[in-house]
Amino acid sequence: MSQTPTHYEVLDLPDGIRKTAIIPKQTLRTAYRRALLRNHPDKSSTTQPTKNAGRVYSIDQISEAFNVLIDARSRADYDKDLELQGQTNDIGGVGNQQNFHTGIETMDLDDLETEEGQGIWYRGCRCGETRGFLIVQRELEEAVDDGEIDVGCRGCSLWLKVLFAVIDIGDRDSDDDDPKFESPGLLKKF
């Protein structure tokens with residue numbers, strides 16, 4: 001999982017601005033509007049180079065960044081948290097935080113449809129995409145230590161957090177070396 005960007009990065013503010021005591025409100029408003037336009041799918045312009053090229057932020061992330069930085073007390077608390085966690089604005093996001101996803105739902109792996117022989121799990125999304133949330137076994141193997149995986153819908157901006165665990169089947173055939181993935185609610189010890 002990549003680190004969460006700082007509020008300064010979300011608004012694409014210059015690197016040195018964090019060290020200033022006061023950020024002019026007009027500077028923040030301008031950065032806020034530019035971030036909204038830059039990340040809006042219908043108004044996005046690739047002609048403006050930014051240090052965060054290729055990253056897309058949600059409206060919620062942009063609004064949260066603006067609301068925290070516009071208020072002097074909230075900004076001071078936020079900067080203190082960044083400093084306590086040893087982060088600077090050119091390193092990346094705040095450590096020990098998960099990525100922010102709009103519209104995330106949590107469910108067990110066994111709640112998804114499956115194609116047994118293919119190692120594929122999927123679920124339809126409310127946007128109409130029949131296999132909006134698609135997980136392949138390789139992705140589960142990469143996230144086995146976490147016991148969960150975040151999957152974005154292929155048709156919209158919704159996210160699904162899928163919980164799972166690997167179980168040892170015990171006396172299984174020697175030809176079958178693939179791990180078995182199950183929901184934590186159904187985890188049994190063998």
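Right above here is the structure, for reference.
What counts, and where the lines are drawn
Residues numbered from 1 in each chain as written. Predicted model: local features only at pLDDT ≥ 70, side-chain atom pairs only at ≥ 80, totals over all residues. Heavy atoms only, no water. Helix = DSSP H or I, 4+ residues; strand = E, 2+ residues; numbered from the N terminus. Expected span 1.5 Å × (residues − 1). Buried < 20%, exposed > 50% of the residue type's maximum accessible area, 1.4 Å probe, protein only. Arc of directions from axis to C-beta. Contact = heavy atoms within 4.5 Å. Pairing = 2+ DSSP bridges. Axes fitted to C-alpha atoms, helices over the stretch in contact; angles between N-to-C directions. Parallel < 35°, antiparallel > 145°, perpendicular 65-115°, else oblique. Nonpolar A, V, L, I, M, F, W, Y, C, P; charged D, E, K, R; others polar. Phe/Tyr/Trp six-rings, centres within 6.5 Å; stacked < 30°, edge-to-face > 60°. Lys NZ or Arg CZ within 6 Å of the ring centre and 35° of its normal. Salt bridge = Lys/Arg side-chain N within 4 Å of Asp/Glu carboxyl O.

### Here's the deal with helix α2 (residues 25-39)
Its 15 residues place the ends of α2 21 Å apart at the C-alpha level, agreeing with the 21 Å of an ideal helix rising 1.5 Å per residue. Regarding α2, the residues found buried are L28, A31, A35, R38 and N39. The buried side chains of α2 occupy one side of the element, clustering within an arc of 95° when seen end-on. Considering only its buried residues, α2 is in contact with α1 (7-10) and α3 (59-70).

### Description of unusual backbone geometry
Phi at D12 takes a positive value of approximately 55°, unusual for a residue other than glycine. Tracing the backbone through its elements, the reader meets D12 in the loop between α1 and α2.

### Quick word on the sheet that holds strand β3 (residues 120-123)
Spatially, three strands are ordered β2-β3-β4 in an open sheet, and the strand pairing comes out antiparallel. The two strands at the open ends of the sheet, each matched to only one other strand, are β2 (113-115) and β4 (133-136). Each adjacent strand pair in this sheet contributes to an overall mean axis angle of 20°, direction not counted. The pairing of β3 with β4 spans four bridges and is antiparallel. When the bridges of β4 are listed, W121 appears paired with I135.

### Structural notes on the packing of α2 against α3
For the pair α2 and α3, interaxial distance at closest approach is 10 Å and the crossing angle is 175°. The angle between α2 and α3 falls in the class roughly antiparallel. Seen from α2, the contacting residues are K25, L28, R29, Y32, A35, L36 and N39; seen from α3, they are I59, I62, S63, F66, L69 and I70. Along the lines of polarity and charge, the residues of the contact of α2 with α3 split into nine nonpolar, two polar and two charged.

### Section: the packing of aromatic side chains
Tallied over the full model, the rule gives two aromatic pairs. For the ring pair Y8 and Y78, a centre distance of 6.3 Å and an interplane angle of 40° mean the geometry is tilted. Of this pair, Y8 sits in helix α1 while Y78 is found in helix α4 (residues 72-84), placing the two residues 70 residues apart along the sequence. Looking at Y8, the relative accessible area reads 1%, which means it is buried. Positioned over the ring face of Y122 is R131, at 3.9 Å from the centre of the ring.

### Quick notes on the pattern of salt bridges
This model, assessed by the stated rule, comprises seven salt bridges. Between E129 and R154 there is a salt bridge; the shortest N-O distance is 3.9 Å. Residue E129 is located in the loop between β3 and β4, and its partner R154 is located in the loop between β5 (148-152) and β6 (159-163); the two are separated by 25 residues in the primary sequence. A salt bridge links R138 to E142; the nearest nitrogen and oxygen atoms lie 3.6 Å apart. Placement of both R138 and E142 in helix α5 (residues 137-142) is noted, with a separation of four residues, approximately one turn of the helix. Each of E148, D150 and K161 takes part in one network of salt bridges that share partners.

### Overview of the sheet that holds strand β1 (residues 104-108)
Taken in spatial order, the three strands of this open sheet run β1-β6-β5, and their pairing is mixed. The sheet is open, and its two edges are formed by β1 and β5, each paired on a single side. Neighbour to neighbour, the strand axes of the sheet diverge by 25° on average, direction disregarded. In this sheet, β6 lies alongside β1 in parallel orientation, the contact comprising five bridges. Bridged to I104 within β6 is W159.

Note that every value here comes from positions in space, so none of it alone points to a role or purpose.
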